[in-house]
Amino acid sequence: MEDYIPYGLHSIDERDIAEVLNVLRSKWITTGPKVQEFEKAISKYTGAKYTTVVNSGTSALDIAVKVFDIKTGSEVITTPFTFMATSNAILYNNLVPIFADIIKETRNIDPDAIRSRITKKTKAIIYVDYAGQPCDIKEIQEIADDHDLYLIEDACHAIGSEYEGKKIGTFADFTIFSFHPVKHITTGEGGAVTTNDPIFDEKLKILRNHGIDKDLHKRQSKADYAYDMKLLGRNYRLTDIQCALGISQLKKLDYFIDKRNMLTKSYSKILDNNDFIETPTVRPDIKHAWHLYTILLDERLNRDEFFQFMKNNNIGVNVHYIPIYHFSYYKTRFNFKIDDFPVTEEVFKRIITLPLHVGLNQTQIHYICNKIEEFLLNVVKK
Ligand SMILES: *Cc1c(COP(=O)(O)O)cnc(C)c1O
């Protein structure tokens, strides 16, 4: 049998390691020059004016929501078909998450569902580019304009993706990235927020660092030691050690995306004609970054049996995601009606994530597809 094939895996080479060692031998291992260098590199790559790096994608979401300073109890619309960090960021800020159903083919939030969820209390929308495929951004922007809402794009799956020929990173007030090892590029843990708004950016940098405003002495000609605490910030800083890894990884991002794109083509070539499987749909107006390759199993199949069969064959399949309103914490605090999310429910019952990472090879893809075939033959025989 094949060695275990994980669903996601980082790709780190000797260049990355050398860059990290250089920082470890230097005078700055945190809050040093590599932080700004990484931020500049992300801004250049995405086309955004400003970038703030932080210690996780979750922290990035938290301070992005915090910048808006929205009144307690206001509502923020988001997708239930995401990692819980997306909607937890709403809760950290004492706001109420309102879920809107998704589109089956892309698993992205449905703009019509967003419209139906808007109330007087709605203040923002957080949309997630599921699996690396950008949402219907234009439509979401129109909704935000019509109702005067803030926009956050959770692009933790989608760094390097494009919408209408333009890189993700400047479409919303804030765009969020994650550098967890299963994502496209990694810093161990890490995240970033991009924006084109200088005032928002200044606030992000203050919130990342305890709420400290260090530029006070410059602006008010105070003594060098003087600083003010303006906002209730956090310590969400990313170290120079991690930033050095991130700078080195970012140089390979386009190659990583090309490789992922090629691997997904290999999957689809084998699975496209299978009557029991719906392979992923790619919209024509976008460039997919391919964080995940997810398929929908035919309704006649039992997803959990399929999952177990693959696991028994050392294949690291996964389910992205369990809808957030299924979690006990959310159920206890809020009254969600499952009937409000028919598409999310259907997709959740049928979806499987197949392994996808830069180190995956054709032999492994064929092994995985052969095992899928074997499972289907057994089911059909019964
Ligand atoms: C990974 C991820 C996050 C959180 O990122 P971390 O860096 O793990 O904190 C948030 N949202 C989505 C959609 C993600 O996939």
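S.K.: Tell me about the layout of surface pockets, and please be specific about residues and values.
M.R.: Approximately 720 Å³ is the volume found for the largest pocket. Lining of the largest pocket is provided by 25 residues; of these, Val35, Gln36, Glu39, Lys205 and Arg208 occupy positions nearest its centre. Among the elements of the structure, helix 2 (33-46), strand 1 (50-54), helix 7 (198-208) and strand 10 (212-213) are those that each provide at least two residues to the lining of the largest pocket. With six residues, the single largest contributor to the lining of the largest pocket is helix 2.

S.K.: Which residues make up the side chain of Thr52, and what values do they have?
M.R.: Following the sequence through the fold, Thr52 ends up in strand 1. Given a relative accessible area of 0%, Thr52 falls into the buried group. There is a polar contact of 3.4 Å between the side chain of Thr52 and the side chain of Lys205. Beyond its immediate sequence surroundings of up to four residues, Thr52 is in contact with Glu39, Gly191, Ala192, Val193, Asp201, Leu204, Lys205 and Arg208.

S.K.: Could you give me a rundown of the packing of helix 1 (residues 14-24) against helix 9 (residues 240-250), with the residues and numbers involved?
M.R.: Between helix 1 and helix 9, the least distance of the axes is 8 Å, while the angle of their chain directions is 150 degrees. In terms of axis orientation, helix 1 runs roughly antiparallel to helix 9. Where helix 1 crosses over helix 9, the two elements pack in a sense that is right-handed. Contacts between helix 1 and helix 9 involve Arg15, Asp16, Glu19, Val20, Val23 and Leu24 from the former and Asp240, Ile241, Ala244, Leu245, Ser248 and Gln249 from the latter. Residues of the contact of helix 1 with helix 9, tallied by class, amount to six nonpolar, two polar and four charged.

S.K.: Describe the packing of aromatic side chains, with residues and values.
M.R.: This model, assessed by the stated rule, comprises 22 aromatic pairs. Centroid distance Phe68 to Phe200: 5.7 Å. Interplanar angle 70 degrees. Geometry classified as edge-to-face. Here Phe68, found in the loop between helix 3 (57-67) and strand 2 (75-78), pairs with Phe200, found in helix 7; they are 132 residues apart in sequence, far enough to count as distant. Note on Phe68: relative accessible area 6%, which makes it buried. Both rings, one in Phe81 and one in Tyr321, keep their centres 6.4 Å apart while their planes meet at 85 degrees; by these two values the pair is edge-to-face. Taken together, the residues span a long stretch of sequence, with Phe81 in the loop between strand 2 and helix 4 (85-92) and Tyr321 in the loop between helix 11 (303-312) and helix 12 (328-333) at a distance of 240 residues.

S.K.: Tell me what's going on with the domain arrangement of the protein, and back it up with residues and numbers.
M.R.: Annotation of the protein at the domain level lists domain 1 (14-250) and domain 2 (253-381). The interface is formed by 43 residues belonging to domain 1 together with 42 residues belonging to domain 2. The interface formed by domain 1 and domain 2 contains three salt bridges. The interface formed by domain 1 and domain 2 holds 21 residue pairs in polar contact (both at pLDDT 80 or more) in total.

S.K.: Give a description of helix 6 (residues 137-147) that names residues and reports values.
M.R.: Taken together, the buried positions of helix 6 are Ile137, Ile140, Ile143 and Ala144. Along the axis of helix 6, the buried residues cluster in a sector spanning 125 degrees; they form a single face. Exposed side chains of helix 6 directed beyond 90 degrees from the buried face belong to Asp145 and Asp146. Where the residues of helix 6 are buried, they touch helix 5 (111-117), strand 4 (122-128), strand 5 (150-154) and strand 6 (162-163).

About the cut-offs
Residues numbered from 1 in each chain as written. Predicted model: local features only at pLDDT ≥ 70, side-chain atom pairs only at ≥ 80, totals over all residues. Heavy atoms only, no water. 1 Å grid on protein atoms, 1.4 Å probe; cavity = no way out; pocket = protein on both sides within 12 Å on 5 of 7 lines; lining within 4 Å. Points joined across faces, edges and corners; volume = space filled by probe spheres on them. Helix = DSSP H or I, 4+ residues; strand = E, 2+ residues; numbered from the N terminus. Buried < 20%, exposed > 50% of the residue type's maximum accessible area, 1.4 Å probe, protein only. Polar contact = N/O pair within 3.5 Å; in protein donor to acceptor, adjacent residues only side chain to side chain. Contact = heavy atoms within 4.5 Å. Axes fitted to C-alpha atoms, helices over the stretch in contact; angles between N-to-C directions. Parallel < 35°, antiparallel > 145°, perpendicular 65-115°, else oblique. Left-handed = near helix turned anticlockwise from the far one by under 90°. Nonpolar A, V, L, I, M, F, W, Y, C, P; charged D, E, K, R; others polar. Phe/Tyr/Trp six-rings, centres within 6.5 Å; stacked < 30°, edge-to-face > 60°. Domains from an automatic or database assignment. Salt bridge = Lys/Arg side-chain N within 4 Å of Asp/Glu carboxyl O. Arc of directions from axis to C-beta.

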